[in-house]
Amino acid sequence: QGGVFPDRIRMLHNPVDTAAVPARTGAGDGFVSIGRLVAEKGVDTAIRAVGLIPGATLTVAGDGPQRNALEELARQVAPGRVRFVGRLDAESVAALNRSARAAVAVARWHENMPLSVLETMATAVPPVVSGLGGLPELVEDGVTGLSVPHDDPGALARALAGLHHDPGLAVTLGGAARRHMIAAFDVTTHLEGLFSLYDEAIAATRDGHAAREGPRLTDPTGRVTDSAREGAGPGSRRRRHRRARRG
């Protein structure tokens with residue numbers, strides 16, 4: 001679609017130190033939304049969806065220009081069931097994730113590989129995401145989490161209601177999410193992939209130099225001959241031209 005040769009593109013996932021991230025025990029309770037409070041993140045969609053599920057709660061972590069408007073929306077559609085806790089440090093974010101039934105990340109713009117979703121999956125908490133950008137590549141719907149259309153509170157409410165009423169489903173999806181993070185996103189896996197890309201780039205560069213230099217001529221002992229040295233360098237054409245003029 002972008003006009004870039006696919007054989008020249010390599011993708012390497014962001015790493016997550018899964019060994020340093022404790023996994024959730026149990027099914028957790030309530031839903032969380034973590035990120036900047038801006039229109040693009042779709043937090044309003046999450047609030048409206050929770051308002052459609054009797055008894056469901058949502059904790060919103062983060063800050064931004066939409067906070068006041070989102071707090072007012074919460075008072076209107078889910079009074080007493082949405083809690084805003086502001087910006088949290090990394091340890092508090094991890095603890096909040098582990099306490100939740102699921103995490104909601106329903107951006108209305110094209111996210112690439114949001115760290116908040118990776119960290120959520122590493123804690124064995126299933127993410128519920130919008131099907132935009134790179135999110136469908138991170139979350140396999142019905143296996144490691146759930147995917148819904150963006151800007152659709154009704155569809156999101158149905159997905160969240162399933163987790164709200166079925167703790168076992170949350171545990172199953174969360175366990176699969178953590179296993180996926182360990183297998184494909186762990187730091188060791190990331191470094192092995194990075195070194196492999198470096199090796200590939202070095203080999204391609206070396207092959208490119210060899211192709212530009214042409215074949216190497218050797219004498220019977222295996223040494224490169226003078227004629228080969230003359231013909232291999234970038235100035236060989238000029239040297240041959242000067243000899244022709246002198247002749």
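Basis of the calculations
- Residues numbered from 1 in each chain as written.
- Predicted model: local features only at pLDDT ≥ 70, side-chain atom pairs only at ≥ 80, totals over all residues.
- Heavy atoms only, no water.
- Helix = DSSP H or I, 4+ residues; strand = E, 2+ residues; numbered from the N terminus.
- Buried < 20%, exposed > 50% of the residue type's maximum accessible area, 1.4 Å probe, protein only.
- Contact = heavy atoms within 4.5 Å.
- Areas by Shrake-Rupley, 256 points an atom, 1.4 Å probe, with all protein chains shown as cover.
- Pairing = 2+ DSSP bridges.
- Axes fitted to C-alpha atoms, helices over the stretch in contact; angles between N-to-C directions.
- Parallel < 35°, antiparallel > 145°, perpendicular 65-115°, else oblique.
- Left-handed = near helix turned anticlockwise from the far one by under 90°.
- Nonpolar A, V, L, I, M, F, W, Y, C, P; charged D, E, K, R; others polar.
- 1 Å grid on protein atoms, 1.4 Å probe; cavity = no way out; pocket = protein on both sides within 12 Å on 5 of 7 lines; lining within 4 Å.
- Points joined across faces, edges and corners; volume = space filled by probe spheres on them.
- pLDDT = per-residue confidence, 0-100.
- Salt bridge = Lys/Arg side-chain N within 4 Å of Asp/Glu carboxyl O.

1. A short note on the overall build of the chain
Per the secondary structure count, the chain includes 10 helices and 6 strands. Looking at the 247 residues of the chain, the share that counts as buried comes to 37%. Long-range contacts, defined here as pairs at least 24 residues apart, represent 70% of the contacts in the chain between residues at least 6 apart. Accessible surface computed for the chain: about 14,100 Å², of which carbon and sulfur atoms make up 54%.

2. Some remarks on the sheet that holds strand E2 (residues 58–61)
Strand order in the open sheet formed by 6 strands is E3-E2-E1-E4-E5-E6, and the pairing between neighbours is parallel. Strands with a single pairing partner mark the edges of an open sheet, and in this sheet they are strand E3 (82–86) and strand E6 (146–148). Direction aside, neighbouring strands of the sheet carry axes that sit 25° apart on average. By the bridge criterion, 3 bridges tie strand E5 (residues 127–130) to E6 in an arrangement that is parallel. Counted as the bridge partner of Val128 is Leu146 from E6. Here helix H6 (residues 153–165) sits on the sheet in contact with strand E1 (31–34), strand E4 (102–105), E5 and E6, set at roughly 160° to E6.

3. So, the packing of helix H1 (residues 43–51) against H6
Across the interface, H1 lies against H6 with an axial gap of 8 Å and an inter-helix angle of 60°. Taken together, the axis directions place H1 and H6 in an arrangement best described as oblique. Both H1 and H6 take part in a crossing whose hand is right-handed. Across the interface between the two elements, Thr45, Ala46, Arg48, Ala49 and Val50 of H1 pack against Pro153, Leu156, Ala157 and Leu160 of H6. For the contact of H1 with H6, a count of residues per class yields 7 nonpolar, 1 polar and 1 charged.

4. Here we look at empty space enclosed by the protein
Summed over the entire model, instances satisfying the criterion amount to 1 cavity of 30 Å³ or more. Estimates place the volume of the largest cavity at around 80 Å³. Lining the largest cavity are Val32, Ser33, Ile34, Ala103, Val104, Ala105, Ser116, Val117, Thr120 and Pro127. The set of elements that each furnish at least two residues to the lining of the largest cavity consists of E1, E4 and helix H4 (115–122).

5. Regarding the confidence of the model for the chain
Averaged over the chain, the pLDDT score is 87; the fraction of residues at 70 or greater is 83%. In the predicted structure, residues 224–245 sits below a pLDDT of 50 and forms 16 contacts with residues beyond four places in sequence or in another chain.

6. Section: the pattern of salt bridges
Taken as a whole, this structure holds 8 salt bridges when the rule is applied. Arg108 is the salt-bridge partner of Asp151, the closest N and O atoms lying 2.6 Å from each other. You can see Asp151 sitting in the loop between E6 and H6 and its partner Arg108 sitting in the loop between E4 and H4, a full 43 residues away along the chain. Given a relative accessible area of 40%, Asp151 falls into the partly exposed group. Taking the relative accessible area as the measure of exposure, Arg108 reaches 27% and is therefore partly exposed. In the salt-bridge network here, residues are joined through shared partners; they are Asp44, Arg108 and Asp151.

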